[in-house]
Amino acid sequence: MINEISGRRFTVWRWVVLAGMVFLVLFLPFPVNATTPVDRTFRIQASRFEYSPSVLSVHPGDRVTIELLATDVVHGLYIDGYDLETTADPGQTARLTFVADRQGSFRFRCTVTCGNMHPFMIGKLQVGHNALLWRGSLLAGLALIAGAWRVRK
Amino acid sequence: MNRLQEAAWEERVSQGSSEPIRSRRLTLPERIDLYRIPWIRPLLQSRWPQFLIRSLTLAGFVFTIAAGLFGSRVGSHNFAIIFVWIAWWTALKLVFIPLGGRSWCSVCPIALPGEWLQQGGILEKRHRRFGLNLRWPKRLRGSWLQSSGFLLIGLFSALTLTNARVTAWVLVGLFGMAIVLSLVFERRAFCSYICPIGGFTGIYAKTAPVEVRVIDTKICAAHSEKTCYQNCPWGLYPVALRDSSQCGLCMECLRSCPKDNIAVNLRPFGSDLGQARQSSRLDETFLALVMIGSALAFSAVFVGPWGILKSAAFAIGSPAWALYGLGFLALNLVVMPGSFALAVWMGQRWSGYKTQLRRAIANQSQVLLPLGLFAWIAFTISFALPKLNYVLSVVSDPFGWGWNLLGTANTTWSPDVSGFSPILQVALLLIGLLWSTSVAWRLAKVNNQSVFRQTLPILTFCLVFSLAMLWLLVG
Amino acid sequence: MHKEWLARIIVIVLVATAIAIPIGAWWVRSQGNVIHARMAETGGWTPENLTTEVGQPLHLRLTSDDVMHSFAIGQSDQPAVDVIPGEMTEVTLTFDKPGKYTFYCTRWCSVNHWRMRGTIEVTGPETTAEAVEPPLYVTLGLDIDAEHHTEVIPEQMPSAVRGAKLGVNIPAEYQSHEYYLSNSPVELWKALREESSLSRHGDQDLWDLVALTWQSNTRPQDLTEGMQLFATNCAACHGEAGAGDGVFADDLDQPKTGEHAVMQAGEMTTLPTDFTDPDHMLAASPAHLQGKILRGGMGTGMPYWGPIFTEEQTWALVAYLWTFQFETED
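Residues numbered from 1 in each chain as written. Chains lettered and ligands numbered in written order. Predicted model: local features only at pLDDT ≥ 70, side-chain atom pairs only at ≥ 80, totals over all residues. Heavy atoms only, no water.

Concerning the sheet that holds strand S2 (residues 50–52) of chain A
Residues and elements named next belong to chain A. As a reminder, the rule being used: In this scheme, strands are said to pair when DSSP sees at least two bridges between them. Counting from the N terminus, the helices are the DSSP runs of H or I reaching at least four residues and the strands are the DSSP runs of E reaching at least two. The axes are straight lines fitted to the C-alpha atoms, using for helices just the contacting stretch, and the angles between their N-to-C directions are given from 0 to 180°.
Spatial ordering of the open sheet is given by S2-S1-S4-S7, a layout of four strands whose pairing is mixed. The outermost strands of the open sheet, each flanked by one partner alone, are S2 and strand S7 (94–99). Each neighbouring strand pair of the sheet contributes to a mean axis angle of 25°, computed without reference to strand direction. The sheet contact formed by strand S1 (residues 39–47) and strand S4 (residues 63–70) spans eight bridges and is parallel. Each bridged residue has a counterpart across the sheet, and for Asp39 the counterpart in S4 is Arg63.

Structure representation (structure tokens):
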């Protein structure tokens, strides 16, 4: 009888602990390693259908300048999350300057139809750490535990 | 299932009855029979509603082919590309499959002309019928051809998804194949064994909340004529239906049963999962693994930042494409099946639970179904959500000829979904993982032997896959 | 029985509508004037040749089948309109004078973008043929294909600012516009070197005076217009800094056979000219440069801009080209 009660209490408590961990993973702020903001310039060559370089890594607060160099046809660049856009004709480098104040991983895409694979002409801007990826991965681990417990009940 | 049902289920299995489903008496309490609902019944009983929907999808299909062949070559302004690969694909992955199982098959136009020829009439069967009605060869049964078809799509996906002409010809090809097969073989041979869409729709239908099942098996046992089987275009025997993967929800059995003994049930999600199987057939396992592998490959190629991969996938016929193809096939034929088999084998070894490896693999592959379903939903959201506004503009100007039928032709470039879309994708991947985990544990529990050791390798497989998808989609 | 026939009719009507819409519209559309734009390698403008009459509005509907293009008429005030993939752009043209007009693409769409041209033949009542003056290089009898080198190369980039500070009186004959057009900088330098009044100045000083003279023959608005023309038309091959290293430079300097041949067989494309190289530039007169621009490169890959630029635009572009050699006031 006592075993049963304590068994049930354990069952309840482990869910509380799990819920607590989920809460922590979701809302615990990331350790901030503050870096002095610097000016970064990236010269991106756009061709059909890739950006080169396609992955840009900066620290939060950096002033980022993207120089878009179209090498074959007119290309564009739009950054998700920052809602910034520019278009470059071959021979006319376009410049985009902004402060990377939002952290995470943001895709940038081509905005001028440049051929068949245009909708998949994608690059990535990584500012600081990718909180969503970290939280998602840790939650995946917790999901594993939760799924197992759910059935054991 | 709740605990009472679980206990009853286990009792039946432990009794060693090879076909536990025969002893089921009435519709389980968790089922809602839609066919008994007064306003739904006439819609399913009459042939007209389904026929009208299918006529519309057929007209839409023909229109899509026309747009693909004659419309603008610019994919974003062509009805064929936008409607097939964005509108219909999104509807399929987000609505038809998760909520309706094989519901698209019930309204799909591809099989329609073939069915008309086979039954000699458009609305119902008539006397003069066409077709040789041969039985489908035994060697070609199962979903092997469907998996191969899907792999083929994967190899040529960069071209098909972006070229309106190619899309149109693929649709024409499928259409033609369906008609030819209907004239040679009985029933919906194309749908059951060839159609790549039918393949994965079928396996994911096991997770869906809709099913067609018999109500009282004793009535069926006493009924000798088996009208349901005679009329089923999928060649199924409703009373023996274990899971929903082969049933195309066409409702013919419902209409033809003289005893009104068939039900269209709403049921809890994943009701077909978690049952121990006796079968050692690996075709569905292979298909589930191909879907998982393809989810990774497509995510990397289409929504990843690696231009070299995209160029390789697009340059069909070049050495770079051959390399891409090799990598794609290696992933789907070697890496995924190999690591899954390894995980199952390790689980067996570690737990000491002895059973035929083949059967164990076939059984455990059910775990891959929620995982794959949600990975595909997340991937679909990732590439289709930013492009949904194209649907609006293409409805007004389907051919890219400068029309503006509904005034929406100049819908400006897409709104910023980058705020919630990644969060949604993460949530979906987590749901898939959670669900797969519970299926894995349910399976192990049924077997009741060293549950933790048996399941851990497989759970690791699922976790690694989920982390990979997370990284590809939101990393 | 009735049901079956009704069902058949429904199917036939729906499918026929689905087919009729595109076929009907396609038929209607082919009655109009739709121009498809494609990269030069895959067809260019289709159709390429249009006809109309003086005073008769020519209504065009333009669409692109692949990438971003645009449409403009050479030597006209007609503003360029973007020709967007999958969308229709409408433009109406009216011509006052008969003749052969060239329309062309103004947004780089491939290395052969400049070949994307078509003609509009405008017929009208017979008028007296306007006397067309030959370009200056023809009048002067210049061989613009001949090798030209500068014997004396300045040590520093010649600066008009420094030249102005020298406070020297340059003889009037060298400051005239005609002199500027017909002579190369090195010729002026050599002439100045001969001048006894300037004998105490060093070589670099004289180069600065050359720069000053050149600057005095160009107006700021010419430089602005020239810069714009250069950016739109020349920078893609010649480079934004004029160093012959534009984005298409690699494509032009290719083996002439096999899959790398970007031009038709027999043509010999070369690296675009480096405008920052004094050896060639200082030995060329503005007329020489104008000739190159108007006539093109005879198979080297340099386009011929004769039908596209007005004379004023060409001189503005030439004026801008000198800024790669001379420092001028901003």
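Observations concerning the side chain of Asp80(A)
How we decide: N or O atoms within 3.5 Å of each other form a polar contact, as long as, within protein, one can give a hydrogen and the other can take it, and as long as residues adjacent in sequence are counted only when both atoms are side-chain atoms.
Tracing the chain through its elements places Asp80(A) in the loop between strand S5 (75–79) and strand S6 (84–88). Of the polar contacts made by the side chain of Asp80(A), one reaches the side chain of Arg109(A); its length is 3.0 Å.

As for the packing of helix H6 (residues 185–194) of chain C against helix H7 (residues 203–216) of chain C
All names here are of chain C. Just so we agree on the cut-off: An angle counts as roughly parallel when it lies under 35 degrees, as roughly antiparallel when it exceeds 145, as roughly perpendicular when it falls between 65 and 115, and as oblique in every other case. By definition, turning the near helix anticlockwise from the far helix through less than a right angle yields a left-handed crossing, and turning it clockwise yields a right-handed one. It only takes one pair of heavy atoms within 4.5 Å for two residues to be counted as in contact. Following the grouping adopted for this structure description, the nonpolar residues are Ala, Val, Leu, Ile, Met, Phe, Trp, Tyr, Cys and Pro, the charged ones are Asp, Glu, Lys and Arg, and the polar ones are all others, Gly among them.
The N-to-C vectors of H6 and H7 enclose an angle of 125°; their axes lie 9 Å apart at closest approach. Taken together, H6 and H7 sit at an angle that is classed as oblique. The hand of the H6/H7 crossing is right-handed. Only Asp203, Leu206, Trp207, Leu209, Val210, Thr213 and Trp214 of H7 make contact with H6, whose side of the interface consists of Pro185, Val186, Leu188, Trp189, Leu192 and Arg193. Partitioned by chemical class, the residues of the contact of H6 with H7 number ten nonpolar, one polar and two charged.

Some details on the interface of chain A and chain B
Put simply, the test is: Each of two parts loses accessible area, computed with a 1.4 Å probe, when they are put together; buried area is these two losses added. Counted as salt bridges are all cases of a side-chain nitrogen of Lys or Arg within 4 Å of a carboxyl oxygen of Asp or Glu.
Between chain A and chain B, the contact holds 37 residues from the first and 42 residues from the second. Together, the buried faces of chain A and chain B total about 3500 Å²; carbon and sulfur atoms form 68% of this surface. There are zero salt bridges connecting chain A and chain B. Linking chain A with chain B are ten residue pairs in polar contact (both at pLDDT 80 or more), by the criterion used here. Looking at the side of chain A that touches chain B, the elements that each hand over two or more residues are strand S8 (104–109), strand S9 (122–127) and helix H2 (131–152) of chain A. Of the residues forming the side of chain A that touches chain B, the biggest block, 15 residues, is contributed by H2(A). For the side of chain A that touches chain B, the per-class residue count stands at 16 nonpolar, 13 polar and eight charged.

Focus on the sheet that holds strand S7 (residues 89–93) of chain C
Taking strand neighbours across the sheet as the criterion, the four strands line up as S2-S1-S4-S7 (chain C) in an open arrangement whose pairing is mixed. If you trace the sheet from one side to the other, it starts and ends with strand S2 (45–46) and S7 of chain C, each paired once.

Some thoughts on helix H17 (residues 319–351) of chain B
Since one α-helical turn is 3.6 residues long, residues separated by three or four positions face the same way. All names here are of chain B. We count it as follows: Under the convention used throughout, the expected extent of a helix is 1.5 Å for every residue step, that is, one less than its residue count. One fitted axis covers the seven residues ending at a residue, a second covers the seven starting there, and the bend at that residue is the angle between these axes.
For H17, built from 33 residues, the straight-helix expectation of 48 Å at 1.5 Å per residue is met to within 8% by its first-to-last C-alpha distance of 46 Å. Along H17, the largest kink reaches about 40° and is centred on Leu331. Gly352 sits one or two residues past H17 and shows a positive phi near 75°.

A few points about the interface of chain A and chain C
Listed by partner, the interface residues are 17 residues for chain A and 17 residues for chain C. In this assembly, chain A packs against chain C so that about 1200 Å² is buried in total across both faces, 56% of it on carbon and sulfur atoms. For the pair chain A and chain C, the interface holds one salt bridge. The closest approach of N and O atoms between Arg107(C) and Asp89(A), which form a salt bridge, is 2.8 Å.

Here's the deal with the pairing of S5(A)
Residues and elements named next belong to chain A. Formally: Whether a residue is buried, partly exposed or exposed follows from its accessible area with a 1.4 Å probe, protein chains only, as a fraction of its type maximum: under 20%, in between, or over 50%, in that order.
Counting buried positions along S5 yields five of five residues, so the element is predominantly enclosed. Alternating positions in S5 separate into two faces, His75, Leu77 and Ile79 on one and Gly76 and Tyr78 on the other, with burial throughout. Looking at chain direction, S5 and S6 are connected through five bridges and run antiparallel. If you follow His75 over to S6, its bridge partner there is Ala88. Count of turn residues in the S5/S6 antiparallel hairpin: four residues, of which Gly81 carries a positive phi of about 85°.

As for the environment of Ser438(B)
All names here are of chain B. Topologically, Ser438 is positioned in helix H21 (residues 421–447). Distance from Ser438 to Pro238, taken between C-alpha atoms, is 28 Å for residues 200 residues apart in sequence. A distance of 2.8 Å separates a polar side-chain atom of Ser438 from the backbone oxygen of Trp435.

Brief notes about the domain arrangement of chain B
All names here are of chain B. Defined as follows: Start and end positions for the domains come from either an automated domain assignment or a database one.
We note that the domain assignment places domain 1 (20–266) and domain 2 (283–474) within chain B. Here the C-alpha centre of domain 2 lies 23 Å away from the C-alpha centre of domain 1. Facing the 43 residues of domain 1 at the interface are 42 residues of domain 2. Between domain 1 and domain 2 the total buried area reaches about 3900 Å² when both faces are included, carbon and sulfur atoms providing 79% of it. When residues of domain 1 are sorted by the area they lose upon contact with domain 2, Leu151, Leu155 and Tyr204 head the list and together hold 17% of the total. At the boundary of domain 1 and domain 2, one finds one salt bridge. Between Lys206 and Glu284 there is a salt bridge, and its shortest N-O distance comes to 2.7 Å. If you list the elements that add at least two residues to the side of domain 1 that touches domain 2, you get helix H3 (48–70), helix H4 (79–100), helix H7 (144–155), helix H8 (157–160) and helix H11 (196–205). The element that contributes the greatest number of residues to the side of domain 1 that touches domain 2 is H4, accounting for twelve residues.

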